[in-house]
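Examination of the molecular architecture
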Amino acid sequence: MKQPFSRLFGFNEKQEEIIEEELTNQEEVKQIAIADIVPNRFQPRTVFDQDRIEELAQTIRTHGVIQPIVVRKRDGKYEIIAGERRWRAVTSLGWEHIPAIVKEFNDSQTASIALIENLQREGLTAIEEAIAYAKLIDLHGLTQESLAQRLGKGQSTIANKLRLLHLPEVVQNAILSRVISERHARSLLALKDEALQLQVLEAIEKDGLNVKQTEEKVKQLLEADESEPEKKKATRKSYSKDMRIAMNTIRQSVDMVLKSGLHVDTNEEEHEEFYQFTIRIPKK
């Protein structure tokens, strides 16, 4: 069942009624030039199934656009709030105009509507879902738990999706293009070394590994890492109490930031004279 706007975006009941009424008010439908319309900058769906777009285009060719798209005026153009698939289908038909409802929504409302509309549909990849969750958390200052409650999902579901954003960009692109599944990707998270993650990704693509085979390969790499030379292990055990406390404090702090939903890249390197933590926090 579709969640109400007020619950998802924090709108009050009156605002919700206005939005629902305006989104469905057929009297405000206008014919807008295709050339004057631009995609939603907050659109979480980055990959559109061209076959599905063509099917929709054929339906529109026969029956017309039954449900208008929703747009807002911005920078001399009309930015799509909802209905990008319809806009793409009509564009592919070479039509010059499309029926649309013009709304006055701010960035937060526009982003929220686009994100929620797509999350309620099927077909998003796990990475697109994760990006949508991360944006909603950032837009509304939510925790993973509160977002899960608003969307009617388990907190672990949200957390597992967000963890995928810690994978290398190459792996994320493989998920986006559906080269690997979410379960393949989640097995790679057990490997902290990016080079090893890419090594396993290459094996999945080259040898067609299924999820179970991927998990077995990851397990082998982890066991090999645990059986490293005793000298290195002895070095680790020689850390002073103060140093161990400092290292654990840093790791716990990073974990707290990750649990809040912020994407932070971390790396640990052991040198002869010191132990180095590198933490990269994206500006956007």
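For the protein, an unreviewed UniProt entry supplies the name Nucleoid occlusion protein and the organism Alkalihalobacillus trypoxylicola. Under the UniProt heading Subcellular location (unreviewed entry), the entry covering the protein gives this text: "Cytoplasm, Nucleoid". Under the UniProt heading Sequence similarities (unreviewed entry), the entry covering the protein gives this text: "Belongs to the ParB family."

Observations concerning a negative patch on the surface
Residues Asp-49, Asp-51, Glu-54 and Glu-55 make up a contiguous surface patch of negative charge. Judged by relative accessible area, Glu-55 falls into the exposed class, the value being 51%.

Here we look at the pairing of strand β6 (residues 265–270)
Direction of pairing for β6 relative to strand β7 (residues 275–280): antiparallel, over a ladder of 6 bridges. Pairing of Thr-266 across the sheet is with Ile-279, part of β7. Adjacent in sequence and paired antiparallel, β6 and β7 are bridged by 4 residues.

Let's talk about the pattern of salt bridges
In the structure shown here, the tally under the stated rule is 5 salt bridges. Measuring nitrogen to oxygen at the nearest pair gives 2.8 Å for the salt bridge that ties Arg-72 to Glu-79. Classification of Arg-72 by relative accessible area gives buried; the value is 4%. Relative accessible area serves as the criterion here: at 2%, Glu-79 is assigned to the buried category. Between Asp-75 and Arg-74 there is a salt bridge whose closest N-O contact spans 4.0 Å. A residue is classified by how much of its surface remains accessible, and Asp-75, at 69% relative accessible area, is exposed.

Side note on empty space enclosed by the protein
Overall, the coordinates contain 1 cavity of 30 Å³ or more when judged by the stated rule. Surrounding the largest cavity, Asn-40, Gln-43, Ile-80, Ile-81, Ala-82, Gly-83, Glu-84, Ala-114, Glu-117 and Asn-118 form its lining. Residue composition of the lining of the largest cavity, grouped by class: 4 nonpolar, 4 polar and 2 charged.

Some words on the sheet that holds strand β1 (residues 29–33)
The strand order across the open sheet built from 5 strands is β1-β5-β3-β4-β2, with neighbouring strands paired in mixed fashion. With partners counted over all chains shown, the strands left at the sheet margins are β1 and β2 (37–38), one partner each. In the sheet, β2 pairs with strand β4 (residues 77–82) via 2 bridges, with the strands oriented parallel. In the sheet register, Ile-37 faces β4, and the bridge partner there is Tyr-78. Docked against the sheet, helix α5 (residues 107–119) engages β3 (69–74) and β4, running at close to 45° with respect to β4.

Examining helix α8 (residues 155–163)
Along an α-helix, residues three or four positions apart point the same way, because every turn accommodates 3.6 residues. Along α8, the residues classified as buried are Ile-158, Ala-159, Lys-161 and Leu-162. Angularly, the buried residues of α8 cover 165° about the axis, an arc narrow enough to put them on a single face. For α8, the elements touching its buried residues are α6 (126–140), α7 (144–151) and α10 (182–188).

Digging into unusual backbone geometry
Excluding glycine, residues mostly carry a negative phi; peptide bonds, for their part, are mostly trans. A positive phi is found at Asp-75, a non-glycine position, where the angle reads about 55°. Tracing the chain through its elements places Asp-75 in the loop between β3 and β4. In this model, Arg-178 sits at a positive phi of 60°, which is unusual for a non-glycine residue. Counting through the fold element by element, Arg-178 comes out in the loop between α9 (169–176) and α10. In this structure Arg-178 comes out as exposed when scored by relative accessible area, which is 53%.

Some details on the nonpolar core
Leu-119, Leu-147, Leu-167 and Ile-180 are the most contacted members of the largest nonpolar core, which has 36 residues in total. When contributions to this core are tallied by element, the ones reaching two or more residues are α5, α6, α7, α8, α9, α10, α11 (194–207) and α12 (211–226). A per-element tally of this core places α6 first, with 7 residues.

Topic: a nonpolar patch on the surface
Taken together, the side chains of Ile-250, Val-257, Leu-262, Ile-279 and Ile-281 make up a nonpolar region of the molecular surface, amounting to roughly 390 Å² of accessible area. Structurally, Ile-279 can be placed in strand β7. The partly exposed category is assigned to Ile-279, whose relative accessible area is 43%.

A look at the packing of α6 against α9
Two elements in contact, α6 and α9, have axes separated by 7 Å at closest approach and are oriented at 110°. When the interaxial angle is binned, α6 and α9 end up roughly perpendicular. Contacts between α6 and α9 involve Ala-126, Ile-127 and Glu-128 on the former and, on the latter, Gln-172, Ile-175 and Leu-176.

Cut-off values and rules
Residues numbered from 1 in each chain as written. Predicted model: local features only at pLDDT ≥ 70, side-chain atom pairs only at ≥ 80, totals over all residues. Heavy atoms only, no water. UniProt positions renumbered as here; feature names shortened; annotations may be inferred. Patch = residues over 30% accessible without salt bridge, like charges linked within 9 Å, V, L, I, M, F, W, Y side chains within 5 Å. Areas by Shrake-Rupley, 256 points an atom, 1.4 Å probe, with all protein chains shown as cover. Salt bridge = Lys/Arg side-chain N within 4 Å of Asp/Glu carboxyl O. Lys, Arg positive; Asp, Glu negative; His and termini not counted. Charge placed at Lys NZ, Arg CZ, Asp CG, Glu CD. Buried < 20%, exposed > 50% of the residue type's maximum accessible area, 1.4 Å probe, protein only. Pairing = 2+ DSSP bridges. Helix = DSSP H or I, 4+ residues; strand = E, 2+ residues; numbered from the N terminus. 1 Å grid on protein atoms, 1.4 Å probe; cavity = no way out; pocket = protein on both sides within 12 Å on 5 of 7 lines; lining within 4 Å. Points joined across faces, edges and corners; volume = space filled by probe spheres on them. Nonpolar A, V, L, I, M, F, W, Y, C, P; charged D, E, K, R; others polar. Contact = heavy atoms within 4.5 Å. Axes fitted to C-alpha atoms, helices over the stretch in contact; angles between N-to-C directions. Arc of directions from axis to C-beta. Core = buried A, V, L, I, M, F, W, Y, C linked by side-chain atoms within 4.5 Å. Parallel < 35°, antiparallel > 145°, perpendicular 65-115°, else oblique.

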